[in-house]
Amino acid sequence: MAQNPPDDPRIRELRAMREKARQGGGADRIAKQHQKGKLTARERIELLLDPGTFNEQEAYITHQGDELGVNTERYLGDGVITGYGQIDGRLVYVYAQDFTIYGGTLGEMQSRKICRVMDLALRNGAPIIGLIDSGGARIQEGVKSLGAYAEIFRRNAQYSGVIPQISVMLGPCAGGAAYSPALTDLIIMVERNSYMFLTGPEVIKAVTGEIIDPESLGGSDIHMSVSGTAHLSAPDEQSALALCRRALAYFPSNNIENPPYQNPQDDVLRMDDSLNNIIPLDPNIPYEMQDVIQTIVDQGTFLEIQPHWAENAIIGFARMGGHSVGIVAQHPSVMAGVIDIDASDKIARFVRTCDCFNIPLITLVDSPGFLPGISQEHGGIIRHGAKILYAYSEATVPKISVIIRKGYGGAYVVMSSKYLGTDINFAWPSAEIAVMGAEGAVNIVYRKQIESAPDPAAERARLAQEYRQKFNNPYYAASAGYIDEIIEPRETRLKLIAALAALRDKYSPAPPRKHGNIPV
Ligand code: HXC
């Protein structure tokens, strides 16, 4: 073998090139990034992935046009770092925008790099994670950067439901940098250091005259509690990336696999007597549904999604006997758990997320119905509520429901009721299932009888009491076959785990079609 000098110039050149790529937009811009309390793209990837597993691709790509000025430096990587690595030993593809290079903005070559890892992720059935920190479309590249975004959006849509796509927002994300995440399965934001808007404060001021700062326009508080665009948030970048790892553990690598099983740290036969006392005897007194959920699932595994938006509905991932499940529930202490427009969107979207990734659904029902009101009707509650019906009817994953307390009218039907195709329906003895509440019902059905009675108030009360006796329990519904088993609340965990095991090999083919037409 030929003996090359120890300082072979070709190896030296490669090392110099690697170092140059590592420098991104230069030491000054890296320092600026750190001053803002932000990590660099490389530091983020290191934190996200299992140590030492990252392999970078296309590190030497630069922009190809002369739009940025022929004499302008062509930064290696063109503002994004792409490649593959592992999370919990599982293959993932990742891209991280580098704000130190042209503000992480997206042009033709950056898009080509991102699309390349998206394509590899699809072909290899692995999740794609985007760490987003970008001013959006690169102004200097004009239509090329718009087309470049379209290439990504198309892949986001076509790969949706095939591989998990997660976006972690780590800076000011404008325009396309907000739209692409909106097409992915989960958006995680960093509090006070990430923003999402289509047009920023300056443009809004010029067009509408409204004055607003970036945080109030598109900070994590807004997207976590007002717009419903983000799913999770964390106080800093380290915890946002840790949250991404945690959330991914509930997902399979692709739509053909099942989510990974984790050895349960909790007894599958555990019963909890406290549940037998959790529902107040007075049906108008609320209780904490989160306590019910935490008690039923494997301890410490509940990851609530969108906890501050549409709080009358609760959604989240958990584990039951080590298996990943999606939980959907009402929150009786927020607006009595009524279903409104935002709750409908929240539930429907989550049901579909679970269904496309083979995550069984457990639905805990306690809702007095859909929210009445002109603003709800005019806001399209019919269209939005229909999304829940559509999502549950379409879902082929194992579906189990537990009627905890109220299941009235439309709320009973939409919340995974038996004839929407739910596999196993449980009820607690506190369940009340009826078309509507007692007072409303007797006023409609017995109006003439009440009006002609010598004491209308007493007659109304008597009839309402009769109605309650008939419907304020699960036995009428069970006698008609709408409930499979009435269980003691303390048995819920073991009953659910047994039901999940009974449904593990569920086969539920759907009729062939191009795709359905969900009311969006
Ligand atoms: C080119 C850009 C840029 C852009 C920022 N930069 N945005 N370069 N195109 N869109 C550059 C800056 O010139 C600067 O370069 C570096 O990135 C950092 O930007 P700063 O402004 O210094 O940083 P900061 O103060 O943190 O502000 C970040 C920002 C702001 C909030 C993102 O730059 C901004 O508002 N940019 C415009 C956002 C926008 O409107 N984008 C277009 C969206 S339209 P130097 O050399 O100084 O480091 C879109 C269409 C997609 O995306 C299609 C959707 C359907």
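Everything discussed here concerns the structure shown above.
All of these numbers come straight from a predicted model, not from anything done at the bench.

Points about the overall build of the chain
- Along the backbone of the chain there are 20 helices and 17 strands.
- Dimensions along the principal axes, computed over C-alpha positions, put the chain at roughly 105 × 60 × 45 Å.
- Within the chain, buried positions represent 52% of all 520 residues.
- Pairs at least 24 apart in sequence give 73% of the contacts found in the chain among residues at least 6 apart.
- Roughly 23600 Å² of accessible area belongs to the chain as shown, and the carbon and sulfur atoms make up 54% of that amount.

Description of the site of the ligand
- R29, G135, A137, I139 and G176 are the nearest of the 20 residues found near the ligand.
- The backbone of A137 places a nitrogen or oxygen atom 3.0 Å from an oxygen atom of the ligand.
- The contact in question runs from a nitrogen atom of the ligand to an N or O atom on the backbone of I139, over 3.0 Å.
- Contact with the protein chains hides 58% of the accessible area of the ligand, taken as 1000 Å² for the molecule alone.
- For the shell around the ligand, the secondary structure elements donating two or more residues are α5 (142-158), β6 (172-174) and α6 (176-182).

What about the side chain of Q376?
- Mapped onto the secondary structure, Q376 falls in helix α13 (residues 374-378).
- Taking the relative accessible area as the measure of exposure, Q376 reaches 12% and is therefore buried.
- Within polar-contact distance, the side chain of Q376 engages the backbone nitrogen of I341 at 3.0 Å.
- Dropping the residues within four chain positions of it, Q376 is found in contact with D340, I341, L371 and I381.

Considerations on the side chain of R138
- Here R138 lies in the loop between β4 (128-132) and α5.
- Reaching out from R138, the side chain makes a polar contact with the side chain of D78 at a distance of 3.0 Å.

What about the sheet that holds strand β7 (residues 186-190)?
- Spatial ordering of the open sheet is given by β1-β2-β3-β4-β5-β7-β9, a layout of seven strands whose pairing is mixed. The open sheet is flanked by β1 (55-57) and β9 (232-234), the only strands paired with a single partner. Between one strand axis and the next, the sheet turns by 20 degrees as a mean value, whatever way the strands run.
- Pairing of strand β3 (residues 90-97) with β4 involves four bridges; the strand directions are parallel. Across the sheet, Y95 pairs through a bridge with G130, a residue of β4.

Points about helix α3 (residues 41-48)
- Among the residues of α3, A41, R42, R44, I45 and L48 are the ones counted as buried. The buried side chains of α3 occupy one side of the element, clustering within an arc of 160 degrees when seen end-on.

Digging into the state of the cysteines
- Taken as a whole, this structure holds zero disulfides when the rule is applied.
- Of all cysteine sulfurs, the one in C173 lies closest to C244, which takes part in no disulfide; the gap is 14 Å.
- A residue is classified by how much of its surface remains accessible, and C244, at 0% relative accessible area, is buried.
- No disulfide involves C356; its sulfur sits 8.4 Å from that of C354, the nearest cysteine.

Some details on the packing of aromatic side chains
- Within the structure shown, the criterion is met by 11 aromatic pairs.
- Ring centres 5.4 Å apart and planes at 75 degrees place the aromatic pair Y419 and Y482 in the edge-to-face group. Pair noted here: Y419 is in the loop between α15 (409-414) and β15 (424-427) and Y482 is in the loop between α19 (475-479) and β17 (485-486), with a separation of 63 residues, a long-range link.
- Members of the aromatic cluster, connected to one another through ring pairs, are Y250, F251, F317, F350 and F357.
- Directly above the aromatic system of F99 lies the positively charged group of K38, at a separation of 4.1 Å from the ring centroid.

Considerations on the pattern of salt bridges
- Within the structure shown, the criterion is met by 31 salt bridges.
- Between D8 and R10 there is a salt bridge, and its shortest N-O distance comes to 2.9 Å.
- Given a relative accessible area of 9%, D8 falls into the buried group.
- Take R10: its relative accessible area is 57%, and that puts it in the exposed class.
- Notably, a salt bridge pairs E439 with R468, separated by 2.5 Å at the nearest N-O pair. Of this pair, E439 sits in helix α16 (residues 438-445) while R468 sits in helix α18 (residues 456-471), placing them 29 residues apart in sequence.
- Relative accessible area serves as the criterion here: at 42%, E439 is assigned to the partly exposed category.
- The class of R468 is partly exposed, set by a relative accessible area of 26%.
- One connected set of salt bridges, linked through shared partners, spans D266, R270, D272, D298 and R493.

So, how was this worked out
Residues numbered from 1 in each chain as written. Predicted model: local features only at pLDDT ≥ 70, side-chain atom pairs only at ≥ 80, totals over all residues. Heavy atoms only, no water. Helix = DSSP H or I, 4+ residues; strand = E, 2+ residues; numbered from the N terminus. Buried < 20%, exposed > 50% of the residue type's maximum accessible area, 1.4 Å probe, protein only. Contact = heavy atoms within 4.5 Å. Areas by Shrake-Rupley, 256 points an atom, 1.4 Å probe, with all protein chains shown as cover. Near = heavy atom within 4 Å. Polar contact = N/O pair within 3.5 Å; in protein donor to acceptor, adjacent residues only side chain to side chain. Pairing = 2+ DSSP bridges. Axes fitted to C-alpha atoms, helices over the stretch in contact; angles between N-to-C directions. Arc of directions from axis to C-beta. Disulfide = S-S within 2.5 Å. Phe/Tyr/Trp six-rings, centres within 6.5 Å; stacked < 30°, edge-to-face > 60°. Lys NZ or Arg CZ within 6 Å of the ring centre and 35° of its normal. Salt bridge = Lys/Arg side-chain N within 4 Å of Asp/Glu carboxyl O.

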